[in-house]
Every structure is written in structure tokens, then in C-alpha cells.
Amino acid sequence: MSTTSPEGGRVGIAVRRLDPGVPLPEYAHPGDAGADLCTSIDVVLEPGERATVPTGLAIALPDGYAAFVHPRSGLAARCGVTLVNAPGTVDAGYRGEIKVTLINTDKDTPVKFTRGDRIAQLVVQRVERAVFTEAGELPGSVRGEGGFGSTGGHAAQR
Ligand SMILES: O=c1ccn([C@H]2C[C@H](O)[C@@H](COP(=O)(O)OP(=O)(O)OP(=O)(O)O)O2)c(=O)[nH]1
Ligand SMILES: [Mg+2]
């Protein structure tokens, strides 16, 4: 099966279930950018704890694509659960299991996930490969070297 043949205008991605009971990534609505990923295990995150959680899935992305593991905003807002490495990058050549490194940022409340719960979302994107060429000087720009808050307006400074 080709991973590059578009299906209904979408890119086709081969998915291997390492755990036969887990669902494939699924878009909850038409037009969603992220397809939900589920945990293949039961896991409890104590306050402040992180864990790398298996999804039971491996994928083969076509060359020129990458997939990014993003947090779910509902989990972040309701429970304080996010990803340590948001967004996680899944390379086109990666054939291992997709894993999700969750952290419970809440100070008091443990969060329990049961096998099959949606824990993150996968955004598939085309990506450019760059050629990095050393240069003694860079072309000028309006921003120049200003960064890291150079435009001001940070709450902590008020
Ligand atoms: O949230 C994530 C992030 C990465 N990966 C997998 C896919 C990716 O292709 C591989 C390597 O990720 P990354 O390059 O971010 O990690 P690294 O620490 O640089 O490892 P490596 O030395 O293997 O590149 O790990 C996941 O399953 N989930
Ligand atoms: Mg890497």
C-alpha cells in the first residue's frame, strides 16, 4: 500500500496497530486539524508527575510530511494536563510506537486515564527540508536582533 496516494483529497497514512484493541487516530469533526490519540494503558498522574504513555500505534508518514503531537485544550483547562514537549515531533522515517509525554501541572489533584481515553491530538503537516549554509553576515531586517520580549508588554514587568 502506498502511503502517498491521496484519499478524498487527504494524504494517506499507513497505521500499524501494535496493540490490536486501540483505535486509529480519529478526527472528531470534519475540518479538525488534529486527530485524537488514545492511551493504550491505564495510568494515574499524581500532581506534578509526568509519564510517557503508549498509544499502541505506529505510522509511516510519506516523505515531506511530519506529524506533531499536540495537547488537548480541554485536558489542559480542566485538569492541568499538557505535554512536556509540546508539540512532539514524529519524523517521516519513524516506525516506532507513537508515545505521548504527559504532565499533570495541577498542584493538588491526581488525574486518572483509562485505556482508550483521548490524551493528545496528532497534526499532520507538510514540512520543508532546509539546506543550511554558513554565512559571515545575514541580510538586514526590520526586527534585526531584537527578541525575547524586545517589543515589551509583559505582565511580570508591570
Ligand atoms: O511526542 C513524541 C515525540 C517524538 N516521538 C517519536 C517520533 C520521533 O520521530 C522520535 C524522535 O523524536 P525527537 O527527535 O523529538 O526526540 P530526540 O530526543 O531528538 O530523539 P532522537 O535522538 O531519536 O531523534 O520519537 C513520539 O513518539 N512522541
Ligand atoms: Mg531528534
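Preceding this paragraph is the structure being described.
Keep in mind that what you see is a predicted model, and the values were worked out from it rather than measured.

Caption draft 1: Up close: the site of ligand 1. Neighbouring ligand 1 are V69, N85, G88, T89, V90, D91, Y94, E97, I98 and K99. N85 is positioned with one of its side-chain polar atoms (N or O) 3.2 Å from an oxygen atom of ligand 1. Relative to its free-state accessible area of 560 Å², ligand 1 is covered by the protein chains to the extent of 49%. Among the elements that make up the shell around ligand 1, the one with the highest residue count is strand β9 (residues 88-90) (3 residues). Grouping the amino acids of the shell around ligand 1 by side-chain chemistry returns 4 nonpolar, 3 polar and 3 charged.

Caption draft 2: Highlighting the layout of surface pockets. In this structure, the second largest pocket occupies an estimated 150 Å³ of space. If you trace the second largest pocket, you find 13 residues lining it, with V69, G88, T89, V90 and K99 closest to the centre. At the level of secondary structure, the elements contributing two or more residues to the lining of the second largest pocket comprise β9 and β10 (99-104). For the lining of the second largest pocket, a count of residues per class yields 6 nonpolar, 4 polar and 3 charged.

Caption draft 3: Quick peek at the pairing of strand β7 (residues 65-70). In terms of burial, β7 is a largely internal element, 5 of the 6 residues being buried. Where β7 lies against strand β12 (residues 118-126), 6 bridges are found, and the strand directions are antiparallel. Of the residues in β12, the one forming a bridge with V69 is L122. When β7 meets β9, the two strands line up antiparallel, connected through 3 bridges.

Caption draft 4: Spatial organisation of the pattern of salt bridges. By the definition in use, this model includes 3 salt bridges. The residue D36 makes a salt bridge to R72 at a minimum N-O spacing of 3.7 Å. Here D36 is found in strand β3 (residues 34-38), whereas its partner R72 is found in the loop between β7 and α1 (73-79), with 36 residues between them in sequence. Of the residues examined, D36 reaches a relative accessible area of 10% and is grouped as buried.

Caption draft 5: Quick peek at unusual backbone geometry. Residue P87 is reached from A86 by a cis peptide bond, and omega for that bond is -15°. Structurally, P87 is set in the loop between β8 (81-83) and β9. With phi around 50°, F148 is a residue other than glycine that occupies positive phi space. Turning to its location among the elements, F148 is positioned in the segment after β12. Looking at F148, the relative accessible area reads 94%, which means it is exposed.

Reading guide: rules and limits
- Residues numbered from 1 in each chain as written.
- Chains lettered and ligands numbered in written order.
- Predicted model: local features only at pLDDT ≥ 70, side-chain atom pairs only at ≥ 80, totals over all residues.
- Heavy atoms only, no water.
- Near = heavy atom within 4 Å.
- Polar contact = N/O pair within 3.5 Å; in protein donor to acceptor, adjacent residues only side chain to side chain.
- Areas by Shrake-Rupley, 256 points an atom, 1.4 Å probe, with all protein chains shown as cover.
- Helix = DSSP H or I, 4+ residues; strand = E, 2+ residues; numbered from the N terminus.
- Nonpolar A, V, L, I, M, F, W, Y, C, P; charged D, E, K, R; others polar.
- 1 Å grid on protein atoms, 1.4 Å probe; cavity = no way out; pocket = protein on both sides within 12 Å on 5 of 7 lines; lining within 4 Å.
- Points joined across faces, edges and corners; volume = space filled by probe spheres on them.
- Buried < 20%, exposed > 50% of the residue type's maximum accessible area, 1.4 Å probe, protein only.
- Pairing = 2+ DSSP bridges.
- Salt bridge = Lys/Arg side-chain N within 4 Å of Asp/Glu carboxyl O.

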